[in-house]
Amino acid sequence: MSSVIEDVMARKLFNSRGHETIEVDIITADGFGRAAAPAGASTGKAEVVSYPKGGVDAAIAKLEELIAPELVGMDAEEQNDIDALLHEIDETENFSNIGGNTVFAISVANAEAAATSYDLPLFQYLAGYGGNELPYPLGNVLGGGKHALGKTTDIQEYLVIPFKARCFSEAAAANILVHNKIGASLRKADPNFTGGRGDEGAWAPNIENEEALKIVAKACEDVSSEMNVECRPCLDVAASSFYDPKKGVYVYSMEGKKRDSGEQLEFMLRLIEEYNLAYVEDPFDEDDYESFAELTKKVNNCLICGDDLFVTNSQRLTKGIEMCAGNSLIVKTNQVGTLTDAWETTRLAKRAGYVPVMSHRSGETTDTHIAHLAVGFNCPVIKTGVLHGERVAKINELIRIEETLGNRAQMSRL
Ligand code: PGA
Ligand code: ZN
């Protein structure tokens, strides 16, 4: 069996928002890997640059001229060397020369090509002999912000996590039931509700922020008793997207209210306590490490997660660890570029006791790699949507992984 790279190809196709994206194929002597890049809408400002000037076409031209000739003849198993080479070719800190999405697609396709060269599923190749724990699915069920149009909640995402589910497929079913029940409640609350959904398949109603949380919390409670699981509500506030840095306030347009940092802290604390939230992502602006630290100190039994705050970047996470800002982080490989970088940040998080959450992006493809990365990197949680084909693709792949693991499969210990 040989994982020596024989060919590298790229093409332009479309993501779930209909935007152009890059897909890369890597062919080894005995294997094949293919990966397409996802895209964010509420991106963190410290993320790598997705594409060079000229967009996907320019990225493909650079891949063909600069990168493919270097990769052919290398061994796909040498993921570190290949990812280091991508840094070297780019020569910038933020992949602005060849594009973070170009790098992402090469890096992930390469790992898959190495895995298939040895007839292994990607999760097993990444995890070695471990890799038998299934993550809890953190599913987006209601929201607005930058993921929907018109008047919707300022808080970007209301999510559910089904603790105590006995297996992954039961966990997925619980999230779907919560989503369905919320749809029914929204129709009751607003006869004019048209069933509109945002980019990730979550309901996008015209409703105030806390009203929405009440509906989500009630659906969680009902499903918990019906299915004998422990569904808990969660939030991705994506607070940077409605923070006004000049005035230092968070602008809640649905309620016509502004909150300064102190008021935002109090508001978050009250929601966590009153609704028994299990997880709150980006409750503050992406540079406000201090408020993250304050909130983390004051909560019990709740994950305070950094997405725009950390952008899967080990330097930003190191600062967070030093300040005790948060206790969890989102892992989105294309925020940082390579799989090696994403793995290093994940490892750093685990060593510091931060819970890594493998995550989709709001603009997705039907690729299923994050299902494998979640198990292969041993992330206790995967954040992906509950509905829509490109989201369900990840859920279904985890059900297949669970089947592959058979008796060895177990839900992660969180
Ligand atoms: P994205 O963010 O739109 O950048 O993918 C989704 C999220 O905030 O988690
Ligand atoms: Zn987020």
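Quantities reported herein were computed from a predicted structural model and do not represent experimental measurements. (Residues numbered from 1 in each chain as written. Chains lettered and ligands numbered in written order. Predicted model: local features only at pLDDT ≥ 70, side-chain atom pairs only at ≥ 80, totals over all residues. Heavy atoms only, no water.)

Caption draft 1: Structural view of the coordination of the zinc ion (ligand 2). On the protein side, the zinc ion (ligand 2) has Asp-236 (OD), Glu-281 (OE) and Asp-307 (OD) as donor atoms, found 2.0 to 2.3 Å from it. Within one chain, the residues donating to the zinc ion (ligand 2) are spaced in sequence as D-x44-E-x25-D. Of this pair, Asp-236 sits in strand 7 (residues 230-236) while Asp-307 is found in the loop between strand 12 (303-306) and helix 9 (314-323), placing the two residues 71 residues apart along the sequence. Accessibility assignment for this pair places Asp-236 and Asp-307 in one class, buried. (Donors = N, O, S within 2.8 Å, 3.2 Å for Na, K, Ca; no water. Helix = DSSP H or I, 4+ residues; strand = E, 2+ residues; numbered from the N terminus. Buried < 20%, exposed > 50% of the residue type's maximum accessible area, 1.4 Å probe, protein only.)

Caption draft 2: The nonpolar core, seen in detail. Core analysis: the largest hydrophobic core is formed by 130 residues, its most contacted members being Ile-22, Val-24, Val-178, Ile-182, Leu-295 and Met-358. It is helix 3 (residues 100-117) that contributes the most residues to this core, ten residues altogether. (Core = buried A, V, L, I, M, F, W, Y, C linked by side-chain atoms within 4.5 Å.)

Caption draft 3: Spotlight on the site of ligand 1. As a structural note, the neighbourhood of ligand 1 is formed by 14 residues, with Ala-41, Gln-156, Arg-361, Ser-362 and Lys-383 the closest of them. Between an oxygen atom of ligand 1 and a side-chain N or O atom of Ser-362, the distance comes to 2.6 Å. In terms of residue class, the shell around ligand 1 is made up of one nonpolar, six polar and seven charged. (Near = heavy atom within 4 Å. Polar contact = N/O pair within 3.5 Å; in protein donor to acceptor, adjacent residues only side chain to side chain. Nonpolar A, V, L, I, M, F, W, Y, C, P; charged D, E, K, R; others polar.)

Caption draft 4: Region of interest: the sheet that holds strand 2 (residues 20-28). Strand order in the open sheet made by the three strands is 1-2-3, with antiparallel pairing throughout. The open sheet has two free edges, formed respectively by strand 1 (5-14) and strand 3 (32-36), since each of these has just one partner strand. Between one strand axis and the next, the sheet turns through 15 degrees on average, direction left out of account. Relative to strand 3, strand 2 runs antiparallel, the two sharing five bridges. Paired with Asp-25 across the strands is Arg-34, a residue of strand 3. Running over the sheet, helix 1 (residues 55-71) touches strand 1 and strand 2 and is turned about 175 degrees from strand 1. (Pairing = 2+ DSSP bridges. Axes fitted to C-alpha atoms, helices over the stretch in contact; angles between N-to-C directions. Contact = heavy atoms within 4.5 Å.)

Caption draft 5: Seen up close, unusual backbone geometry. Here the phi dihedral of Phe-95 falls at roughly 55 degrees; this positive angle occurs in a residue that is not glycine. Its place among the elements puts Phe-95 in the loop between helix 2 (79-90) and helix 3. With a relative accessible area of 2%, Phe-95 lands in the buried category. The backbone of Asn-301 sits at a positive phi, close to 60 degrees, despite the residue not being glycine.

Caption draft 6: Region of the structure containing the domain arrangement of the protein chain. Structurally, the protein chain comprises domain 1 (5-119) and domain 2 (127-411). Each of domain 1 and domain 2 has a C-alpha centre, and these two points are 27 Å apart. Contact with domain 1, which involves 32 residues of that partner, is made by 27 residues of domain 2. Of all residues in domain 1, Ser-16, Ser-42 and Glu-47 give up the largest surface area on contact with domain 2, accounting jointly for 21% of the area buried on that side. Taken together, the connections running from domain 1 to domain 2 amount to 20 residue pairs in polar contact (both at pLDDT 80 or more). Elements with a minimum of two residues in the side of domain 1 that touches domain 2: strand 3, helix 2 and helix 3. With eight residues, the single largest contributor to the side of domain 1 that touches domain 2 is helix 3. When its residues are assigned to classes, the side of domain 1 that touches domain 2 shows 13 nonpolar, 13 polar and six charged. (Domains from an automatic or database assignment. Buried area = accessible area lost by both parts, 1.4 Å probe.)

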